[in-house]
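Structural overview for review
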Amino acid sequence: MEFAELIKTPRVDGVVLHRPFMPTVEGTLCLTGHHLILSSRQDNTEELWLLHANIDSIEKRFVGSLGTIIVKCKDLRVIQLDIPGMEECLNIASSIEALSTLDSVSLMYPFFYRPLFEVIEDGWQLFVPEEAFKDLESMTDEWRLSEVNKDFSVCPSYPSLLTVPKDIDDESLCKAASFRHGGRFPVLSYYHKKNGMVMMRAAQPLTGTNGRRCKEDEKLINATLCAGKRGYIIDTRTIAVAQQAKARGGGFEQEANYPQWRRIHKAIERSNVLQEGLIKLVEACNDQSHSMDRWLSKLEASNWQSNVKEILTTACLAAQCIDREGASVLVHGTEGTDSTLQVTSLAQIILDPACRTIRGFEALIEREWLQAGHPFQQRCAQSAYSNGKPRSEAPVFLLFLDCVWQILRQFPCSFQFNENFLIMLFEHAYASQFGTFLGNSVAERLKLLLSQKTVSLWSWVNRPQELERFLNPLYEPNNLVIWPSVAPQSLLLWEGVFLRWNRSTKCLDEAYQEMVHIIEYNKELQNKVNSLRRQLAQLETEDGPLQTP
Amino acid sequence: HLHVRVEQVKLLDRFSNKSVTGTLHLTATHLIFVESNSTSAQEIWILHHHIASVEKLSLTTSGCPLLIQCRNFRLVHFVIPRERDCHDIYSSLLRLLRPVSYDELYAFSYNPKQNDQQREEGWQLIDLAAEFERMGVPCDQWQLTDVNREYKVCETYPRDLYVPITASKPIIVGSSKFRSKGRFPVLTYFYQEKKAAVCRCSQPLSGFSARCLEDEHMLQAISKANHNSRYIYVMDTRPKLNALANRAAGKGYENEDNYPNIRFQFVGIENIHVMRGSLQKLLEVMGTRSLSMTDYLVGLENSGWLRHIKAIMDAAIFLAKAVTDEGASVLVHCSDGWDRTAQVCALGSLLLDPYYRTIKGFMVLIEKDWISFGHKFADRCDQLDPDPKEVSPIFTQFLECVWQLTEQFPQAFEFSEWFLIQIHEHVHSCQFGNFLGNSQRQREDLQLKERTYSLWAHLLSEKQNYLNPVYSPSFAESHPVLEPSTQAYHFKFWRNMYHQYDRSMHPRQSILKHVYKVFLHLSLHSSEMTHAFLCLCAFPQKLQTFGVSTSPLKPQTPPRERSHPPRPQSLILGAPLLSRKEVQQEEDEEVFGEEAREDAPASTGGERTVEGSSATENGYGELKGSFDSKNEPAVVTLEFGVARMTC
């Protein structure tokens, strides 16, 4: 298919762009296969380059022959384009609609994007399971890397290499896989070096109504327990939801069959409910006419903050079991690709200082989200402005980022990255020139040949000139476990995302710059002091002890 | 002399199941709890005046619980082993926290070891005559009147008042007779650039049809004093319904037909009773254990608290816009003109004038619009002879509005939120004379300047604790007038005020604290560089060999003149230190750094966490002992703070 077929009017002059808190721009609107471009053709005004993939929905309005298109983006921005001429406006609108809803992945921009920078460190090769396993091997020999899923037949959503207990053979793994939803048998998610406890993740067991059991599954998870020790199974669903799952062939671990495990149920919402919450929240944030009462009741009705609190609490509980109780943990919900990953990845941020560095956080996203089979393409196909009935869209990853932001707010000196880094990840998960978040699993990504045909987000982010924007000036590495408060009074609305386009941030940005300035000035002085010290020491050794003037 | 001492008292944490044991002391001025535990040994000092209520709960197996609620939103829950001890403390406290005469207030016994001259100087720090001069008053349109020199026209106003030059004495006196409590229109802020005045008064006694020519004259005079505008705004800060109801009692509001050049406007701030109820509801919700997000948000909404805060802010913005955009003068009143009027005039002035956003200027503002114009601190803050119907958090709301502004304009204020919290603390502490009594006249009768000390001198002496590290004086030049957004989502719950003493709620690392630390380093570096530079000067001939010229080695000063606040430690990070010892300890830690402490033997409980963040304190779920119990529960539901197990 040629994009040109979809572009009936490639160029319109005299288009006026309106954006909140920014001056209007008049210029020429151009449509390309992947971008909507508006340029005033003057040197000092910036051009608007909008990826079609970033467009969530559009609305058209006409007043006489002046048409207006309201473009609502996946990054939650809303812009308005006034287009002279009804026909032009209609053409542009229908082109945008067609181009922003292309079904075929291989037509996406990442397959056409050619970087203007030299790729020094290929992001596709940065985080391979073998490397992660080497680290694990240096700490313990209880685990092995299994190739049982090398052709993705045991579990299509898992990667080809999986870390499993050493004593469990591949045949048992296959049997355990047949007992778990989508074949997602329990695998290692995190090893807590401090006390040797582990966190595993899986999908729900397929016990069904008649209480089916699987010896291999029991053996597999018991193999992770030390002698005489017991563990916790954290089921992210309420007991009622877990009970209902039995009727559809799912279920939960029966006490009788897993006597060494204590099961804890939490109440993280299923992904389809989350999408509705996002839509409600963004609608509330975008309505400027709200009274205080209406705003608070809409915020409440969106349930967003409740979800943040529940996810964080569950992650903290998992971390508490591991670090404070000295017990191993197995986490699962239904499919094991959504709430499960939220919990396992957040628990690692709490427990493992490495995850709070930029590289470590990237590795975490690779491990616990991309390779673990979170269906990014399905979940991020639409954002808060989607009109249609949601298929499998859900802001699971955004909620995770929100939780990370909450921890970052409470421990502003413990993260190497700043809020901008999280916002950038949110944007790229929904629309990007990079291939990292395309596809739903490792298997799909291999099939799409992403690593050959597209550029990795990490190749770009890790360049020093980009990284600078994402560094937290307050960062001071600390090796401690960080326990966030999950009281509602301690959790805030993530303004950087949800109010990003609805407020002027000039004053806040300047204050941040001032803070950065103070800190950098301090570092500069520190360096000068150090160099003076060195000089002084050198002089003293040459001339003998010196009398202080 | 009173001193009760009870051992083995348990202090329960408000939100978790944690408790500590210690000794409780009751002195003439404080209730003190000293933790007996080895290392941390925290001390809690509660001033009797801070205690709002004491409650003895029914006896439990571990002892007799005593619940103490404080006006600074601290809530302590003691369990005293013996019922008799508990009763003793309870009844002593009841007696102590209801002083019957002013002489019993702490301010009259508090002695910070200053001589009379220092005390006097403290009281002279804030000079309102100088403040009016700073605004450019008296001038060709405004004059100082001596009509109230003897408090004869209005008891609750200060002696010195500023009125339009065309307002003669008979007009003033006539107008005052037509206003509640004699509070006639007077100047409170003069916006020199547009010659626009902000005036304040109480409601007119207009009833359904009464008129007063002098009062009408008075408003004309205010209008005429400003050549930039043909009209003045009259802001009635009450909801229209309340103002209408007042008409039946012979009070009411200005009829536009009788006052030719006014634009009349209601702004709808609720009265003291609604505000009191609102705060009560807010605190009830926030005090709930295991509060869910839904209950939190619904409770926040139902309390109406943020709605009221927004209403006050909206009114102040209306005032500031009228003055700056239209150059019009504004007359503000409510019923008596000492609650809502004080809020709106003070906040409006703060938006208009950057001076009020400095530490000194903020003191002046409070002294002017709140203290001198007779906000009834004694009644509103329940200092003496309590009438529960008179108590209301009007001043707290003003402080909160200022805090909301600091959130939108982080560089506009010289002070940090800790300054606001500290002022709030002392409005209730009765430790300093400033806020005692209901009016200037009463304060003079009490001879406060001779018998007590001024809070402002105290706060200025530790000014460095209250500095905002990102304050930028140049911000005032680019933003002389603040124009805050009043979108509902910009108003936040002020956790550090209402949960100041609830440690587990606060971030365990603070940006403010971190930047303070950097300040400390900056000063260390400067002095060390000076020292090193002087040493190096001893070998001028050698300097060349290092390729160092002397100029870059000149001791550097920070880019802007700043003093260096010590590193604070409190329940809220960013609060000033309490004692020398802590400062020393903090500095020691500074030297050894985090790494050194890492290897140190773990303290009790073996938790090494950031700034004391802990899993148990936050109570994600309590797992302890769950495996040891013989009857294993069939279902375990872990909720915030509590584990409920059902067999």
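Residues numbered from 1 in each chain as written. Chains lettered and ligands numbered in written order. Predicted model: local features only at pLDDT ≥ 70, side-chain atom pairs only at ≥ 80, totals over all residues. Heavy atoms only, no water.

In the numbering adopted here, UniProt assigns the feature "domain: Myotubularin phosphatase" (unreviewed entry) to residues 122-498 of chain B. Taken end to end, residues 122-498 of chain B is 46% helix and 9% strand, and its first and last C-alpha atoms sit 30 Å apart. (UniProt positions renumbered as here; feature names shortened; annotations may be inferred. Helix = DSSP H or I, 4+ residues; strand = E, 2+ residues; numbered from the N terminus.)

With that settled, the discussion passes to the UniProt feature "domain: Myotubularin phosphatase" (unreviewed entry) in chain A. This chain's UniProt record puts "domain: Myotubularin phosphatase" (unreviewed entry) on residues 123-498 of chain A. End C-alpha atoms of residues 123-498 of chain A are separated by 29 Å, and the span's content is 44% helix alongside 9% strand.

One finds F361, L425 and F498 of chain A together with F362 and F398 of chain B to be the most contacted residues of the largest nonpolar core, which totals 223 residues. The leading source of residues in this core is helix α9 (residues 305-325) of chain B, at 13 residues. In this view, F498 of chain A contacts L76, L278, L281, V282, C285, W304, L398, D402 and L493 of chain A; residues no more than four positions away in its chain are not counted. Counting residues in hydrophobic clusters, the runner-up holds 27 residues, among them L36, I69, L81 and I96 of chain A. (Core = buried A, V, L, I, M, F, W, Y, C linked by side-chain atoms within 4.5 Å. Buried < 20%, exposed > 50% of the residue type's maximum accessible area, 1.4 Å probe, protein only. Contact = heavy atoms within 4.5 Å.)

Next up on the list: the pattern of salt bridges. Residue and element names in this part refer to chain B. For the structure on display, the rule yields 53 salt bridges over all chains. With a shortest N-O distance of 3.3 Å, E155 and R441 are connected by a salt bridge. Placement of the pair is E155 in the loop between β8 (142-145) and β9 (161-164) and R441 in helix α15 (residues 440-445), with a sequence separation of 286 residues. Note on R441: relative accessible area 32%, which makes it partly exposed. Through salt bridges that share partners, D339, K376, D379, R380 and E390 make up one connected network. (Salt bridge = Lys/Arg side-chain N within 4 Å of Asp/Glu carboxyl O.)

Another aspect to go through is the UniProt feature "active site" (unreviewed entry) in chain B. All names here are of chain B. In this numbering, the UniProt entry assigns the feature "active site" (unreviewed entry) to C334. Along the chain, the position of C334 falls in the loop between β14 (329-333) and α10 (340-352). Leaving out residues up to four positions away in the same chain, C334 has contacts with C201, S202, Q203, D236, T237, R238, D339, R340 and T341.

Residue and element names in this part refer to chain A. Pairing is antiparallel in the open sheet, where seven strands are placed in the order β4-β3-β2-β1-β7-β6-β5. In this open sheet, the two edge strands, each paired with only one partner strand, are β4 (48-51) and β5 (55-63). Looking at each pair of strands side by side, their axes are set apart by 30° on average, direction ignored. By the bridge criterion, three bridges tie strand β1 (residues 11-18) to strand β7 (residues 78-84) in an arrangement that is antiparallel. Note on β7: the bridge partner recorded for V16 is D82. Against the sheet, helix α1 (residues 86-100) makes contact with β1, β2 (25-31), β3 (35-39), β5, β6 (66-73) and β7, and its axis sits at roughly 165° relative to β5, the strand it touches most. (Pairing = 2+ DSSP bridges. Axes fitted to C-alpha atoms, helices over the stretch in contact; angles between N-to-C directions.)

Before going further, it helps to examine unusual backbone geometry. Note: most residues except glycine have negative phi, and most peptide bonds are trans. Residues and elements named next belong to chain B. With an omega of 0°, the peptide bond running from V137 to P138 counts as cis. Relative to the helices and strands, P138 resides in the loop between α3 (128-135) and β8. Even without a glycine there, the phi angle at K181 is positive, about 55°. Backbone geometry places Q447, a non-glycine residue, at a positive phi of 55°. By secondary structure assignment, the location of Q447 is in the loop between α15 and α16 (448-451). By relative accessible area, which is 40% here, Q447 ends up partly exposed.

For E495 of chain A, the location among the structural elements is in helix α18 (residues 495-498). Under the relative-accessibility criterion, E495 of chain A is labelled buried at 14%. If we ignore the near neighbours within four places in the chain, the residues touching E495 of chain A are R500 and R503 of chain A together with Y489 and K492 of chain B.

What follows concerns the packing of helix α13 (residues 394-408) of chain B against helix α14 (residues 417-429) of chain B. Residues and elements named next belong to chain B. Put simply, α13 and α14 touch, their axes get as near as 10 Å, and they point 175° apart. By the criterion of interaxial angle, the relationship of α13 to α14 is roughly antiparallel. For the pair α13 and α14, contact is made by F395, T396, L399, V402 and W403 and by E417, L420, I423, H424 and V427, respectively. Residue composition of the contact of α13 with α14, grouped by class: seven nonpolar, two polar and one charged. (Parallel < 35°, antiparallel > 145°, perpendicular 65-115°, else oblique. Nonpolar A, V, L, I, M, F, W, Y, C, P; charged D, E, K, R; others polar.)

Residues and elements named next belong to chain B. An order of β10-β11-β14-β12-β13 is seen for the five strands of this open sheet, with the pairing classed as mixed. With partners counted over all chains shown, the strands left at the sheet margins are β10 (186-191) and β13 (262-266), one partner each. When the angles between neighbouring strand axes are averaged without regard to direction, this sheet yields 20°. Sheet topology note: the strand β12 (residues 232-236)/β14 ladder contains five bridges and is parallel. Looking across to β14, one finds that D236 is bridged to H333. In the packing of helix α5 (residues 213-224) onto the sheet, the strands contacted are β11 (196-201), β12, β13 and β14, and the crossing angle to β12 comes to about 125°.

Once that is clear, we can look at the state of the cysteines. All names here are of chain A. The tally for this structure, following the rule as stated, stands at zero disulfides over all chains. The structure places no disulfide on C316, whose sulfur is separated from the nearest cysteine sulfur, that of C403, by 9.2 Å. C316 provides the cysteine sulfur closest to C321, a residue in no disulfide bond, and the two sulfurs are 11 Å apart. (Disulfide = S-S within 2.5 Å.)

It is worth spelling out the pairing of strand β11 (residues 197-201) of chain A at this point. Residues and elements named next belong to chain A. Judged by how many residues are buried, β11 sits mostly within the fold: five of five residues are covered. Residues of β11 alternate between two faces, with M197, M199 and R201 on one and V198 and M200 on the opposite face, all of them buried. The pairing of strand β10 (residues 187-192) with β11 spans five bridges and is antiparallel. Across the sheet, residue V187 finds its bridge partner in β11, namely R201. Following β10, the chain reverses through four residues before pairing antiparallel with β11; G196 in that reversal takes a positive phi of roughly 75°.

Residue and element names in this part refer to chain A. Packing of helix α3 (residues 170-178) against helix α4 (residues 215-222) leaves a shortest axis separation of 8 Å and a crossing angle of 115°. Classified by the interaxial angle, the pair formed by α3 and α4 is roughly perpendicular. Between α3 and α4 the crossing geometry is left-handed. Residues S172, L173, K175 and A176 of α3 form the contact with α4, whose participating residues are E216, D217 and L220. Residue composition of the contact of α3 with α4, by class: three nonpolar, one polar and three charged. (Left-handed = near helix turned anticlockwise from the far one by under 90°.)

Right, let's get into the packing of aromatic side chains. Residues and elements named next belong to chain B. Taken as a whole, this structure holds 57 aromatic pairs over all chains when the rule is applied. With a centroid separation of 5.3 Å and an interplanar angle of 70°, the aromatic rings of Y110 and F432 are classed as edge-to-face. Of this pair, Y110 sits in the loop between α1 (83-96) and α2 (116-124) while F432 is found in the loop between α14 and α15, placing the two residues 322 residues apart along the sequence. What makes F432 buried here is its relative accessible area of 4%. Cluster of aromatic residues (ring-pair linked, three or more members): F362, W370, F377, F395, F398, F413, F415, F419, F435, W456 and Y466. The ring of Y501 has R74 sitting right over it, with the charged end atom 3.9 Å from the ring centre. If you follow R134 out to its NZ or CZ, it ends over the ring of Y356, 5.4 Å from the centre. (Phe/Tyr/Trp six-rings, centres within 6.5 Å; stacked < 30°, edge-to-face > 60°. Lys NZ or Arg CZ within 6 Å of the ring centre and 35° of its normal.)

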